[in-house]
Amino acid sequence: MQEIEPRYSGPATVRQSYMTEFTVECPKCKHEAAITVNSPWFLDSGKLTCSYCTHSENATDLIRYKILVKRNCDNCGKLIQKIIPQSREMMDSLAVSCPSCGKTRVYKPRNEAYTQPYNEPQEGLAPVFGLPLWLQGSIRDNLFWAYNRQHLHAIKEYVGAKLRERQTTTHTTMVERLPQFIKDAKNRDAILKLIEKLERKQPTAP
Ligand SMILES: [Zn+2]
Ligand SMILES: [Zn+2]
């Protein structure tokens, strides 16, 4: 009797389809927390909520302003420069004394907005807030991660399938964009084992 090979028949979804929720480590209590976004193309709409310690915050809370005054003194003509690198609030005016002649004037500074995540972007962090993804682990020297349980499940289906045909030619699907070590047949057992371990992972920190 011929054995039927498990064929991958998951949906032809793009990676963004899974980017509406990120399961992460809570910055306060280190247990599992969730970031939800209205749209994967508008991550600044993200909201973090921890059901364990009830901490919550919005991605817009991460916005900071670089306040900058750079001009020549109207008294002595020398350069005046003042920078406040990280302000939570915008500033309409800023009093600055000229370092050369000491004259103090009130200037209208430039406000440059930027987002200050918890960590600089890197592998294994959520693309909003920069918090560590809850579902991650190492396979040899590679970092395996999933945005959330649905994403983890979709990867599991793909890794477990022996036959992988292209599902569509109209776009590149999430599974096609997976890193090579995940697609590599020699890692299949190790990855499935890790995925099963992550599926059992408790929402509380060990
Ligand atoms: Zn928490
Ligand atoms: Zn001056």
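Analysis parameters
- Throughout, a residue's number is its position along its own chain's written sequence, starting from 1.
- As a convention, the first chain written is A and the first ligand written is 1, with the rest following in written order.
- Only residues with pLDDT of 70 or above have their local features reported here, since the model is predicted, and side-chain atom pairs are shown and tallied only from 80 upward, although totals for entire chains, interfaces and linings are computed over all residues.
- In this analysis, strands are considered paired if DSSP registers two or more bridges between them.
- Counting from the N terminus, the helices are DSSP H or I runs at least four residues long and the strands are E runs at least two residues long.
- Angles run from 0 to 180 degrees between N-to-C directions of axes, and those axes are lines fitted to C-alpha atoms, restricted for helices to the stretch in contact.
- The cut-offs work like this: below 35 degrees is roughly parallel, past 145 is roughly antiparallel, 65 to 115 is roughly perpendicular, and the gaps in between are oblique.
- Rotating anticlockwise by less than a right angle from the far helix to the near helix defines a left-handed crossing, while the corresponding clockwise rotation defines a right-handed one.
- Each residue gets a C-beta atom placed from its backbone, and two residues are in contact if those atoms lie within 7 Å.
- The source of the domain bounds is an automatic or database domain assignment.
- Buried means a residue has 20 or more other C-beta atoms within 10 Å of its own C-beta, exposed means 12 or fewer, and partly exposed covers the counts in between; C-beta atoms are placed from the backbone.
- How far a helix is expected to stretch is found by multiplying one less than its residue total by 1.5 Å.
- Working note: the arc is built from the helix axis to C-beta atom directions.
- Nonpolar cores are built from buried Ala, Val, Leu, Ile, Met, Phe, Trp, Tyr and Cys residues. These are joined into a set through C-beta atoms within 7 Å.

A word on the sheet that holds strand 3 (residues 47–49). Pairing in this open sheet of four strands is antiparallel, and the strands run 1-2-3-4 from one edge to the other. Taken across any chain shown, the strands that pair with only one partner, and hence form the sheet edges, are strand 1 (21–25) and strand 4 (56–58). Going from strand to strand, the sheet's axes swing by 20 degrees on average, the running direction of each strand aside. With five bridges joining them, strand 1 and strand 2 (residues 32–36) adopt antiparallel strand pairing. Residue pairing across strands places Thr23 opposite Ala34, the latter belonging to strand 2.

Moving on to the packing of helix 1 (residues 149–160) against helix 3 (residues 188–200). The angle between the axes and the distance between the axes are what describe a pair of packed helices. One way to put it is that helix 1 packs onto helix 3 with a least axis distance of 10 Å and a crossing angle of 155 degrees. By the criterion of interaxial angle, the relationship of helix 1 to helix 3 is roughly antiparallel. Here the hand of the crossing between helix 1 and helix 3 comes out left-handed. Residues Leu152, Ile155, Lys156, Val159 and Gly160 of helix 1 touch helix 3, and the partners they reach there are Arg188, Ile191, Leu192, Ile195, Leu198 and Glu199.

Another aspect to go through is the sheet that holds strand 6 (residues 79–87). Strand order in the open sheet formed by three strands is 6-5-9, with antiparallel pairing between adjacent strands. This sheet does not close on itself; its edge strands, each paired only once, are strand 6 and strand 9 (110–115). Neighbour to neighbour, the strand axes of the sheet diverge by 15 degrees on average, direction disregarded.

Before going further, it helps to spend a moment on the pairing of strand 10 (residues 135–139). Bridge count for strand 10 against strand 11 (residues 142–146) is five bridges, and the pairing is antiparallel. Pairing of Gly137 across the sheet is with Phe144, part of strand 11. Where strand 10 folds back onto strand 11 in an antiparallel hairpin, the turn is made up of two residues, including Arg140, whose phi is positive at roughly 50 degrees.

Moving on, we get to the domain arrangement of the protein. For the protein, the assigned domains read domain 1 (15–61 + 119–200) and domain 2 (62–115). Domain 1 and domain 2 are separated by 41 Å when their C-alpha centres are compared.

So, on to unusual backbone geometry. In this structure, Thr54 is a non-glycine residue whose phi angle is positive, near 65 degrees. Structurally, the position occupied by Thr54 is in the loop between strand 3 and strand 4. Using a count of 10 C-beta atoms within 10 Å as the deciding quantity, one classes Thr54 as exposed. Phi is positive for Phe129, close to 75 degrees, though the residue is something other than glycine.

The subject of this paragraph is helix 3. For an α-helix, 3.6 residues make a turn, and residues three or four places apart therefore share a direction. With 13 residues, helix 3 extends 19 Å between its outermost C-alpha atoms, agreeing within 8% with the 18 Å of an ideal straight helix rising 1.5 Å per residue. Of all the positions in helix 3, only Ile191, Leu194 and Ile195 are classed as buried. Buried residues of helix 3, viewed axially, fall in a sector of 100 degrees; they line one side. In helix 3, the exposed positions that point more than 90 degrees away from the buried face belong to Asp189, Lys193, Glu196, Lys197 and Arg200.

If you look at the biggest cluster of nonpolar residues, it comprises 30 residues, and the most contacted ones within it are Val24, Ile35, Ala126, Phe129 and Leu133. Mapped by element, the contributors of at least two residues to this core are strand 1, strand 2, strand 11, helix 1 and helix 3. For this core, the element with the most residues is helix 1, which contributes four residues. Beyond its immediate chain neighbours, meaning those up to four positions away, Ile35 contacts Glu21, Phe22, Val24, Gly46, Lys47, Leu48, Ala126, Val128 and Phe129.

Another aspect to go through is the environment of Thr60. You can see Thr60 is positioned in the loop between strand 4 and strand 5 (63–72). We classify Thr60 as exposed; it has 11 C-beta atoms within 10 Å. Sequence separation between Thr60 and Ile35 is 25 residues; the distance between their C-alpha atoms is 13 Å.

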